[in-house]
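Given next are the chains, with one letter for each unit.
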Amino acid sequence: MSQPSRRTALVTGASAGIGVSFARVFAAHDFDLVLTARREDRLRDLAGEISARHGVAARVVVADLSDPGAPARLEQELAEAGVAVDALVNNAGFGLPGKYVETTWEQQAQFIQLMVTAYAELVHRFLPGMVARRYGRIVNVASVAGLVPGTPGHTLYAASKSFLIKFSQSLALETRSKNVHVTAVCPGFTLTEFHDVNQTREMMDRMPKWVWLDADRVAREGFDGVMTGKPVVVNGALYRSLVFLARHLPQGLVFRATLKQSRRYRKP
Ligand SMILES: NC(=O)c1ccc[n+]([C@@H]2O[C@H](COP(=O)([O-])OP(=O)(O)OC[C@H]3O[C@@H](n4cnc5c(N)ncnc54)[C@H](OP(=O)(O)O)[C@@H]3O)[C@@H](O)[C@H]2O)c1
């Protein structure tokens, strides 16, 4: 009897951190992979490791998703190779520290392109195939920052994550009857290269150890959430409690407490 063909998961930002963990979780559940980011050497090492361990196919596509043409090229390359995307993990990202007025528009435009437009566009490009095949799993990696009040510094970061949460909730309702599940995964502080890339590691090292999440756990909970059709997953009991309090305590108090805490970890 011939083996039924495997489903394929496309993971963006698969060269580090949470993206690597998502790639490993999907492979462990027998998905073939398409791994994308800018650092090809990292992607090839991961593809080799995952194929050897799980016996799945892992294709590498190098792309800079802050380039507006990148999502269309990615879709075309996969279509030409006959690869159908059954699961999409929209994860690539970075933080832009500092005040809005002290950054250039080019920096902010690149941020929006990667963190908002590319996420929405990749979903828009791969969703029709998922609907037609009556199977789809979409993860948008958002953040607890999208669920608590905005703070000074990293100005568009929380806004971009709020966007992903609302987007995921609405889309989940549109597509659930087609067996396409959409989930916004909302981690709190997670041990990855994120704070090295945006040069806030020294500041972040002052945070107590117990606030940090492990990337593998974030990915495992995200995978379980999307498979069971949860529109929003907040990772870890600590962050679930914080989100609960932010929703239910008087908003003035929540605002002042968030602002006070943010001075410990945000570079305004
Ligand atoms: N770490 C946290 O505390 C935390 C908390 C909440 C949410 N998040 C979110 O989690 C997601 C993953 O971040 P992480 O913590 O895993 O950070 P990370 O370790 O720095 O990984 C970021 C990934 O995004 C990719 N990437 C960055 N810019 C890109 C671009 N222009 N084009 C294509 N790929 C790009 C990077 O690959 P290349 O550099 O090779 O391109 C890398 O694979 C982000 O959306 C972030 O906002 C993180």
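This text goes with the structure placed above it.
Read on for an overview of the structure. Quantities reported herein were computed from a predicted structural model and do not represent experimental measurements. Throughout, a residue's number is its position along its own chain's written sequence, starting from 1. The model is predicted, so local features are restricted to residues of pLDDT at least 70 and side-chain atom pairs to those at 80 or more, both for listing and for counting; the totals for chains, interfaces and linings are taken over all residues. To obtain the side-chain values, all non-hydrogen atoms of the structure were included, while hydrogens and water were left out.

Before going further, it helps to examine helix α3 (residues 70–80). Classification of residues uses two cut-offs on accessible area relative to the type maximum, computed with a 1.4 Å probe and protein chains only: under 20% is buried, over 50% is exposed, and between them is partly exposed. Strands are runs of DSSP state E lasting at least two residues, helices are runs of H or I lasting at least four, and both sets are numbered from the N terminus onward. Within α3, burial applies to A70, P71, L74 and L78. Buried residues of α3, viewed axially, fall in a sector of 100°; they line one side. Away from the buried face of α3 by more than 90 degrees, exposed residues A79 and E80 are located. Residues count as neighbours in contact if any of their non-hydrogen atoms are within 4.5 Å of one another. Check the buried side of α3 and you find it contacts β1 (8–12), β2 (32–37), β3 (58–62) and α4 (105–133). Downstream of α3 by one or two residues, G82 has phi in the positive range, about 75°. The directions considered for the arc run from the helix axis to the C-beta atoms.

What follows deals with the sheet that holds strand β6 (residues 180–186). Criterion used throughout: strands pair if DSSP finds at least two bridges between them. Taken in spatial order, the seven strands make up an open sheet running β3-β2-β1-β4-β5-β6-β9, and their pairing is parallel. Both outer strands of the open sheet, β3 and β9 (232–234), are each paired with one neighbouring strand and no more. Shown here is a sheet whose adjacent strand axes are inclined to one another by a mean of 15°, direction ignored. Sheet analysis places strand β4 (residues 87–90) next to strand β5 (residues 136–141), joined by four bridges and oriented parallel. Across the sheet, residue A87 finds its bridge partner in β5, namely R137. Fitted lines through C-alpha atoms give the axes, limited to the stretch in contact for helices. The angle between two N-to-C directions lies from 0 to 180 degrees. On top of the sheet, α3 reaches β1, β2 and β3; it is set at about 145° to β3, its chief contact.

We now examine the pattern of salt bridges. Any Lys or Arg side-chain nitrogen located within 4 Å of an Asp or Glu carboxyl oxygen qualifies as a salt bridge. Counting across every chain of the model gives 12 salt bridges. D32 is the salt-bridge partner of R6, the closest N and O atoms lying 3.1 Å from each other. Linking R6 in the segment before β1 with D32 in strand β2, this pair joins segments that are 26 residues apart in sequence. Across the pair R42 and E193 runs a salt bridge, and its minimum N-O distance is 3.0 Å. Taken together, the residues span a long stretch of sequence, with R42 in helix α2 (residues 40–54) and E193 in the loop between β7 (190–191) and α6 (194–197) at a distance of 151 residues.

Orientation of helix α1 (residues 17–28) relative to helix α8 (residues 215–227), taken along the N-to-C sense of each, is 55°, at an axis distance of 8 Å. With respect to their mutual orientation, α1 and α8 come out oblique. Judged by the twist between their axes, the crossing of α1 over α8 is right-handed. Residue-level contacts link G17, I18, S21, F22, V25 and F26 of α1 to A215, D216, V218, A219, R220, G222, F223 and M227 of α8. Side-chain classes follow a simple rule in which Ala, Val, Leu, Ile, Met, Phe, Trp, Tyr, Cys and Pro form the nonpolar group, Asp, Glu, Lys and Arg form the charged group, and the remainder, Gly included, forms the polar group. Classifying every residue of the contact of α1 with α8 gives nine nonpolar, three polar and two charged. For this classification, under 35 degrees means roughly parallel, over 145 means roughly antiparallel, 65 to 115 means roughly perpendicular, and everything else is oblique. Handedness of each helix crossing follows the sense of rotation of the near helix against the far helix: counterclockwise by less than a right angle gives left-handed, clockwise gives right-handed.

Turning our eyes to something else, we now look at the site of the ligand. We call a residue near a molecule or strand as soon as one heavy atom of that residue lies within 4 Å of the molecule or strand. In the vicinity of the ligand, 33 residues are found, and the nearest of them are S15, R38, R39, Y157 and T192. Between N or O atoms, a polar contact is any pair within 3.5 Å; within protein, one atom must be a potential hydrogen donor and the other a potential acceptor, and residues adjacent in sequence are included only when both atoms are from side chains. Between the ligand and N91, the relevant distance is 2.9 Å, taken from an oxygen atom to a main-chain nitrogen or oxygen of the residue. Broken down by secondary-structure element, the contributors of at least two residues to the shell around the ligand are α1, α4, α5 (155–175) and α6. In terms of residue class, the shell around the ligand is made up of 17 nonpolar, 11 polar and five charged.

With that settled, consider α5. In a helix, the anticipated span is given by 1.5 Å times the number of residues less one. Compared with the 30 Å implied by 1.5 Å per residue over 21 residues, the 31 Å span of α5 between its first and last C-alpha is a close match. Looking at the buried side of α5, the elements it contacts are α4, β5, β6, α6 and β9.

Moving on, we get to the pairing of β1. For a regular strand, side chains alternate in direction, first toward one face of the sheet and then toward the other. Burial analysis of β1 places five of its five residues in the buried class, the great majority of the element. The alternating pattern of β1 places T8, L10 and T12 and A9 and V11 on opposite faces, both of which are buried. Examined bridge by bridge, β1 and β2 share five bridges and lie parallel to one another. Across the sheet, A9 pairs through a bridge with L33, a residue of β2. Between the parallel pair β1 and β2, the chain is carried across by α1, and the sense of this crossover is right-handed. The pairing of β1 with β4 spans three bridges and is parallel. Each bridged residue has a counterpart across the sheet, and for A9 the counterpart in β4 is A87. By convention, orient the strands away from the viewer: a clockwise path from the first strand over the helix to the second makes the crossover right-handed.

This brings us to the side chain of T183. Checked against the element boundaries, T183 lands in strand β6. The buried category is assigned to T183, whose relative accessible area is 0%. For T183, the residues in contact, after removing those within four places along its chain, are I138, V139, N140, S168, G225, V226, K230, P231 and V233.

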